Amino acid sequence: MEIKIFHTADLHLGMRFAGYPDVQDELINARHETLENMVEVANQESCTLFVMAGDLFDRTTLNVKDISMVARTLNEFEGELVIILPGNHDYYTHDSKLWNEFSKHAGDRILILKNSDIYDLNKYHLKIKIYAAPCSAKHSNENMIKWDNSRESTENVSIKIGLAHGSLEGVSPDFNKTYYPMTRKELESSGLDLWLLGHTHLPWPENPDKNSRILIPGTPEPDGFDCKHEGSAFIINMESSSNMKVQKVSTGKYRFFIDQVVLNDDKAIASMKQKYTGDEYSNMVLRLILKGRLRKEELEGVEESIELINNGVLLLQIVKDELHESITPELINSEFTENSFPHQLLLSLLEEKKEISFKSLQKTYDIIRKIRNEN
Ligand SMILES: [Mn+2]
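Every value quoted in this text rests on a predicted model; they were computed, and no experiment measured them.

1. A closer look at the overall build of the chain
Part 1: Across its full length, the chain carries nine helices and 14 strands.
Part 2: For the chain, whose C-alpha radius of gyration is 28 Å, the value lies well above the compact-globule estimate of 21 Å for 375 residues.
Part 3: By its C-alpha atoms, the chain is 95 × 40 × 40 Å across when sized along the principal axes.
Part 4: Counting every position in the chain, which comprises 375 residues, the buried fraction comes to 50%.
Part 5: In the chain, the proportion of contacts linking residues at least 24 apart, taken out of those at least 6 apart, comes to 70%.
Part 6: Accessible area of the chain: about 19200 Å², with a carbon and sulfur share of 46%.
Part 7: In the chain, 43 side chains carry a positive charge and 59 a negative one; their mean positions are 3 Å apart.

2. Some points on the pattern of salt bridges
Part 1: Scanning the entire structure with this criterion turns up ten salt bridges.
Part 2: Residue glutamate 45 pairs with lysine 4 through a salt bridge whose shortest N-O separation is 3.0 Å. Taken as a pair, glutamate 45 in the loop between helix H1 (24-44) and strand S2 (49-52) and lysine 4 in strand S1 (residues 3-8) lie far apart in primary sequence, 41 residues in all.
Part 3: Judged by relative accessible area, which is 16%, lysine 4 ranks as buried.
Part 4: One network of salt bridges, in which partners are shared, links Arg295, Glu297 and Glu298.

3. Overview of the sheet that holds strand S3 (residues 81-84)
Part 1: A sheet is described by the order of its strands in space; here six strands give the open sequence S4-S3-S2-S1-S10-S11, paired in mixed fashion. Where the open sheet ends on each side, the last strands, each with one partner, are strand S4 (110-112) and strand S11 (243-250). Averaged over neighbouring strand pairs, the angle between their axes works out to 20 degrees when direction is ignored.
Part 2: In this structure, S2 lies alongside S3, joined through four bridges in parallel fashion. Bridge pairing in S3 links valine 51 to isoleucine 83.

4. Focus: the packing of helix H2 (residues 64-75) against helix H3 (residues 97-105)
Part 1: Viewed as axis vectors pointing N to C, H2 and H3 meet at an angle of 45 degrees, and their least axial separation amounts to 8 Å. Viewed along their axes, H2 and H3 adopt a mutual orientation that is oblique. In terms of crossing hand, the pair formed by H2 and H3 is right-handed. The residues of H3 that touch H2, namely those facing Val64, Ile67, Ser68, Val70, Ala71, Leu74 and Asn75, are Leu98, Glu101, Phe102 and His105.

5. Observations concerning the sheet that holds strand S7 (residues 159-165)
Part 1: In spatial order, the strands read S5-S6-S7-S8-S9; together these five strands make up an open sheet with mixed pairing. Two strands bound the open sheet, and with one partner strand each, they are strand S5 (118-120) and strand S9 (214-215).
Part 2: Bridge analysis of strand S6 (residues 128-133) against S7 gives six bridges, and the strand direction is parallel. Directly across from tyrosine 131, in S7, lies its bridge partner glycine 162.

6. Considering H3
Part 1: Taken together, the buried positions of H3 are occupied by Leu98, Trp99, Glu101 and Phe102. All buried residues of H3 lie within an arc of 160 degrees about the axis, which places them on one face of the element. Of the exposed residues in H3, the ones pointing more than 90 degrees away from its buried face are Lys97 and Lys104.
Part 2: Tucked inside the fold, the buried residues of H3 contact H2, S3 and S4.

7. Concerning the domain arrangement of the chain
Part 1: Domain parsing of the chain yields domain 1 (3-250), domain 2 (254-326) and domain 3 (332-375).
Part 2: Using C-alpha coordinates to define each centre, domain 2 is positioned 28 Å away from domain 3.

8. Let's talk about the packing of aromatic side chains
Part 1: The full count for this structure, using the stated rule, is eleven aromatic pairs.
Part 2: Ring centres 5.4 Å apart and planes at 80 degrees place the aromatic pair tryptophan 99 and phenylalanine 102 in the edge-to-face group. Taken together, the residues tryptophan 99 and phenylalanine 102, both in helix H3 and three residues apart, mark about one turn of the helix. Neither tryptophan 99 nor phenylalanine 102 differs from the other in exposure class; each is buried.
Part 3: Aromatic ring contacts, followed pair by pair, group Phe17, Tyr20, Phe225 and Phe256 into a single cluster.
Part 4: When the ring centre of phenylalanine 225 is taken as reference, the NZ or CZ atom of arginine 287 above it lies at 4.2 Å.

Basis of the calculations
Residues numbered from 1 in each chain as written. Predicted model: local features only at pLDDT ≥ 70, side-chain atom pairs only at ≥ 80, totals over all residues. Heavy atoms only, no water. Helix = DSSP H or I, 4+ residues; strand = E, 2+ residues; numbered from the N terminus. Rg over C-alpha atoms; globule rule 2.2 N^0.38 Å. Buried < 20%, exposed > 50% of the residue type's maximum accessible area, 1.4 Å probe, protein only. Contact = heavy atoms within 4.5 Å. Areas by Shrake-Rupley, 256 points an atom, 1.4 Å probe, with all protein chains shown as cover. Lys, Arg positive; Asp, Glu negative; His and termini not counted. Charge placed at Lys NZ, Arg CZ, Asp CG, Glu CD. Salt bridge = Lys/Arg side-chain N within 4 Å of Asp/Glu carboxyl O. Pairing = 2+ DSSP bridges. Axes fitted to C-alpha atoms, helices over the stretch in contact; angles between N-to-C directions. Parallel < 35°, antiparallel > 145°, perpendicular 65-115°, else oblique. Left-handed = near helix turned anticlockwise from the far one by under 90°. Arc of directions from axis to C-beta. Domains from an automatic or database assignment. Phe/Tyr/Trp six-rings, centres within 6.5 Å; stacked < 30°, edge-to-face > 60°. Lys NZ or Arg CZ within 6 Å of the ring centre and 35° of its normal.

Here is the structure:
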């Protein structure tokens, strides 16, 4: 029996991206496109199961149109079954408007794991048992791994797969232990053959191998500057409970990237321009933190480069609080009355610049300008 599982989690459909008004629609729609693409990849790879290990949705208050669209996309999966675990963002309660609405549009090959229970997939002709640990609230300081194993027969040949959503000790940050905390020890000693988890947005292990039995696919579509990877999912090829191969696939449409660029001469400006106008940045929300000191005409060159970079990326954010015009005799002459106190002070500091740091000169210049502007 060969079974292929497409394992994803934490798509967070319905995120609002209010902090990115200029590209808000693109970022919102990208999550839907990524779901469509993942279903397509799972179909091309002839996967048997499509597993969403929690937080398919970002919240429980989505509108009907979006909920039905997601169900229709998942209905396109051509394998045996789509298995959805409610996570801590899209947790399940019996009066849940989200899951009740979703169920209306979901075809008969979509299984929502509503209860902490053992789901036997024998009825789908699969020798698999799913041990489900769904979330029933946003927070919990206890995980949901609490099945009654006593009625399990030992001669059962099914592959046992745990499906849980929450933090994993040593892997996910969860300082107050409020995200259904789990430990590796507890998962490893559970007697199950494989654990498919969700919650942590960073994939883990980074490079899974044939011995990886606890898997976190990470978010398939990056959702902010905290997310430094390109979006991923896992495809697990199972020959038997002891023979598995795990492959990581890249899934994201957009990426978020922050870089600090020190600009002290024309060369640095040119290399910034060359780097960030490259094709690999066309799908980026890019934040560049510019630092350094440049002559006036060089600063104009920076503005030209920014415009070119801006044309190529999805969104460019420039932070230039620490990019300054270099202090030259010409600048001092143009800013201050000749032979005035600040004029003399700054010129003499500039002449002695070998003994004092540029920082002190900059500081003095800034203080004097501030005092002058306040008066
Ligand atoms: Mn979560």
